[in-house]
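Coordinate analysis (summary)
What follows is the residue order along each chain.
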Amino acid sequence: MANIKSAIKRAETNEIRRQRNVAKRSFLRTTLKKCLVALESEDENQLSSLKVALCALDKAASAGIIHKNCAARKKSRLTKKFKQKNMQVI
């Protein structure tokens, strides 16, 4: 543990931010899994789950939870799956 007052404060803020990032990352993973499940099944709310997932990816990238290129790659793959599923239905 740090001895200097500013280092103690910094350690506390780092821990708070770490816990916040863990929560955001967990929410992102849960959202992506829900979207994938909705896309795999013949669920009627595929579009709404896709929109939520894309928004969550954008927020995570802007917050620095994931890299912006990682978010772009995941968004691209999700929309690709969505389009393939909807083209098969039509």
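Preceding this section is the structure that the text describes.
What comes next is a walk through the structure.

The rules behind these values
- Residues numbered from 1 in each chain as written.
- Predicted model: local features only at pLDDT ≥ 70, side-chain atom pairs only at ≥ 80, totals over all residues.
- Heavy atoms only, no water.
- Core = buried A, V, L, I, M, F, W, Y, C linked by side-chain atoms within 4.5 Å.
- Buried < 20%, exposed > 50% of the residue type's maximum accessible area, 1.4 Å probe, protein only.
- Helix = DSSP H or I, 4+ residues; strand = E, 2+ residues; numbered from the N terminus.
- Contact = heavy atoms within 4.5 Å.
- Salt bridge = Lys/Arg side-chain N within 4 Å of Asp/Glu carboxyl O.
- Axes fitted to C-alpha atoms, helices over the stretch in contact; angles between N-to-C directions.
- Parallel < 35°, antiparallel > 145°, perpendicular 65-115°, else oblique.
- Left-handed = near helix turned anticlockwise from the far one by under 90°.
- Nonpolar A, V, L, I, M, F, W, Y, C, P; charged D, E, K, R; others polar.

Core analysis: the biggest nonpolar cluster contains 15 residues, and L28, L32, C35, L50, L57, I66 and L78 have the highest contact counts within it. Elements with a minimum of two residues in this core: α1 (5–40), α2 (46–63) and α3 (68–89). Among the elements that line this core, the one with the most residues is α2, at six residues. Once residues within four sequence positions are removed from consideration, L28 is found in contact with A56, L57, A60 and I66.

So, about the pattern of salt bridges. Evaluation of the coordinates by the stated rule reveals two salt bridges. Across the pair E15 and R18 runs a salt bridge whose closest N-O atoms are separated by 2.7 Å. Residue E15 and its partner R18 are located together in helix α1, separated by three residues, close to a single helical turn. Where D58 meets K75, a salt bridge forms, and the shortest distance between an N and an O atom there is 2.9 Å. Linking D58 in helix α2 with K75 in helix α3, this pair joins segments that are 17 residues apart in sequence. In this structure D58 comes out as partly exposed when scored by relative accessible area, which is 38%. For K75, a relative accessible area of 25% gives the class partly exposed.

What follows is about the packing of α1 against α2. Where α1 meets α2, the closest approach of the two axes is 9 Å, and the angle between their N-to-C directions is 155°. By the angle between their axes, α1 is roughly antiparallel relative to α2. In this structure, α1 crosses over α2, and the sense of that crossing is left-handed. Taking contact as the criterion, the partners of K24, F27, L28, T31, L32, C35, A38 and L39 in α1 are, on α2, Q46, S49, L50, V52, A53, A56, L57, A60 and A63. Across the contact of α1 with α2, the residue classes tally to 13 nonpolar, three polar and one charged.

Just geometry here; none of it tells us what the structure is for.
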